[in-house]
Amino acid sequence: MAGSELLPHGALHGIKVLDLSRILAGPTCTQLLGDLGATVIKVENPKSGGDDTRQWGPPYVTDNDGNDTDMSTYFMSANRNKRSVAIDIASADGQQFIRKLAAQADILIENFKPGGLKKYGLDYDSLKDEFPRLIYCSISGYGQTGPHSHKPGYDLMAQGYGGLMSLTGEPKGEPMKVGVGIADVMCGMYATVGILAAVRHQDQTGEGQQVDIALVDSQIAWLINEGVNYLTSGDLPQRRGNGHPNIVPYGVYQTADGHVILAVGNDSQFGRFLEFLGLQGLAGDPRFATNPARLEHRLALDDVLIPAVQRHTTQDMISAMEARKVPAGPVQDLETLFNSDQVAARGMKIEMQSNAGPVHLIGNPLKLSRTPVTYRHAPKSCGADSDEILSSESPFDI
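What counts and what doesn't
- Residues numbered from 1 in each chain as written.
- Predicted model: local features only at pLDDT ≥ 70, side-chain atom pairs only at ≥ 80, totals over all residues.
- Heavy atoms only, no water.
- Helix = DSSP H or I, 4+ residues; strand = E, 2+ residues; numbered from the N terminus.
- Buried < 20%, exposed > 50% of the residue type's maximum accessible area, 1.4 Å probe, protein only.
- Contact = heavy atoms within 4.5 Å.
- Areas by Shrake-Rupley, 256 points an atom, 1.4 Å probe, with all protein chains shown as cover.
- Lys, Arg positive; Asp, Glu negative; His and termini not counted.
- Charge placed at Lys NZ, Arg CZ, Asp CG, Glu CD.
- Salt bridge = Lys/Arg side-chain N within 4 Å of Asp/Glu carboxyl O.
- Domains from an automatic or database assignment.
- Pairing = 2+ DSSP bridges.
- Axes fitted to C-alpha atoms, helices over the stretch in contact; angles between N-to-C directions.

**Things to note about the overall build of the protein**
At step 1: Scanning the protein from terminus to terminus reveals 16 helices and 13 strands.
At step 2: Considering only C-alpha atoms, the protein reaches an extent of 75 × 50 × 50 Å along its principal axes.
At step 3: Buried residues in the protein amount to 44% of all 398 residues.
At step 4: Taking the contacts inside the protein whose residues are at least 6 apart along the sequence as the reference set, 69% of them involve residues at least 24 apart.
At step 5: Taken as a whole, the protein presents about 20,100 Å² of accessible surface, with 54% of it coming from carbon and sulfur.
At step 6: Both charge centroids of the protein, one from 34 positive and one from 46 negative side chains, sit 3 Å from each other.

Next comes the structure, spelled out in structure tokens:
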């Protein structure tokens, strides 16, 4: 079919990104832009050994002699499709070269504390008049304004300050963070959306602008239903472990040989679920007949459902629910996940060749029919491209 063939370049081919960020939120954003075809030059501080996450191991990629390199798996998770140049921005020469790169870039991304780049003349106010087309994305803990803007931001702090930890964990347990740096990752995604909106404006008007995105703001934004539950009712939500604040039954249930996830989303699904368990009579019980009633009587319902589910194996539960069109699934560990046929079919495990040999990475979830993501540059050692970039008059075109 005409127009259905894959194009040779990603959707953001030709976009030039100057990446002054480190850790996770900024690198998540710039990796996503790179996967979509943008050219990304990552600036790292040679005095500190580069991005902080290079030292966040083990494990590390090892060289041919079995020695650890400066590529931790944490670093590699967010730093493909970038070229690395080591520049000391505290030096006059370093500042001059950053300005040279900024003059050629479409986008600059940084995650210094607000005002942290001012002393180098590299903050937004110092660059906006000289480079009026430049989109300048600033990622910080609390944003460029507000009473906490001066405070550093880390994922754990954002999960705590932004309310997520108050919702996460067992009902009688302590507040709990999510198992990965989700506040950082989501902030990086919001930053990407803001940048692409600014690119649209840049295309239409030739104007750049500042994109100001905070870990805490993005964390608050994705409190979603729990946040609006509170704003509407005034009642503080409680930690429910794997339970859902608005749907019952919905959670992780123990089986005869493990656990199963059950997400019974409506009353008809609830009836089919009960039929398999031999508990059809509960469907007519006024305590359980509707979802609002089940919410009110969730503990009484669990007293009946928990032992009933425990009589079946995980696979029996999943097969029975799938046959009845009731959402159910397993709780997989990462070995099972990454060896699954679904991961293989969706390209969610990839291998790239780095200077230290093959590395295994998580694939990009975006599937574009005409301009698919591409994996062009494996994560690199700090400053691996310095000589080539520093000696070029057009470093983004190398």
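**Section: the pattern of salt bridges**
At step 1: Counted by the stated rule, this structure contains 18 salt bridges.
At step 2: Residue R80 pairs with D35 through a salt bridge whose shortest N-O separation is 2.9 Å. With R80 in the loop between α2 (73-76) and β5 (83-86) and D35 in helix α1 (residues 25-35), the pair connects residues that are 45 residues apart, well separated along the chain.
At step 3: Take D35: its relative accessible area is 1%, and that puts it in the buried class.
At step 4: One salt bridge in this structure joins D70 and R54, with 3.4 Å as the shortest N-O distance. Of this pair, D70 sits in strand β4 (residues 68-72) while R54 is found in the loop between β2 (39-44) and β3 (60-62), placing the two residues 16 residues apart along the sequence.
At step 5: Here R54 falls in the buried class, since its relative accessible area comes to 1%.
At step 6: Salt bridges sharing common partners tie together R83, K380, D385 and E388.

**Let's talk about the domain arrangement of the protein**
At step 1: Domain boundaries assigned for the protein yield domain 1 (16-223 + 343-391) and domain 2 (250-333).
At step 2: Taking only C-alpha atoms into account, the centre of domain 1 sits 42 Å from that of domain 2.

**Some remarks on the side chain of K42**
At step 1: Inspection of the secondary structure puts K42 in strand β2.
At step 2: We classify K42 as buried; its relative accessible area is 1%.

**Topic: unusual backbone geometry**
At step 1: For the bond running from P58 to P59, omega is 5°, close enough to zero to count as cis.
At step 2: As for its placement among the helices and strands, P59 is situated in the loop between β2 and β3.
At step 3: The amide bond that connects V248 to the next residue, P249, takes the cis arrangement and shows omega of -5°.
At step 4: Located in the positive-phi region is I23, a residue other than glycine, with phi close to 75°.

**Brief notes about the pairing of strand β12 (residues 349-354)**
At step 1: Side chains I350, M352 and S354 project from β12 onto a buried face, and the interleaved K349, E351 and Q353 project onto a face without burial.
At step 2: Strand direction decides the pairing type here: β12 and strand β13 (residues 357-362), joined by six bridges, are antiparallel. Across the sheet, the residue bridging to E351 is H360, located in β13.

**Some thoughts on the environment of L127**
At step 1: Position of L127 among the secondary structure elements: in helix α4 (residues 124-127).
At step 2: A residue is classified by how much of its surface remains accessible, and L127, at 1% relative accessible area, is buried.
At step 3: Taking the C-alpha atoms as reference points, L127 and R239, separated by 112 residues in sequence, lie 46 Å from one another.
At step 4: Contacts of L127, omitting those with residues within four sequence positions, involve R99, L108, G121, L122 and Y136.

**A word on the sheet that holds β5**
At step 1: The strand order across the open sheet formed by six strands is β5-β2-β1-β6-β7-β8, and the pairing between neighbours is parallel. Bordering the open sheet on either side are β5 and β8 (210-214), each of which pairs with just one other strand. Direction aside, neighbouring strands of the sheet carry axes that sit 20° apart on average.
At step 2: Summarising the sheet, strand β1 (residues 16-20) and β2 pair through four bridges and their orientation is parallel. For K16, the partnering residue across the bridge sits in β2 and is T39.
At step 3: Sheet strands in contact with helix α3 (residues 92-104) are β1 and β2, and its direction is about 150° off that of β1.
At step 4: Set on the sheet, helix α7 (residues 182-205) makes contact with β6 (107-110), β7 (135-140) and β8; between it and β7 the angle comes to about 165°.

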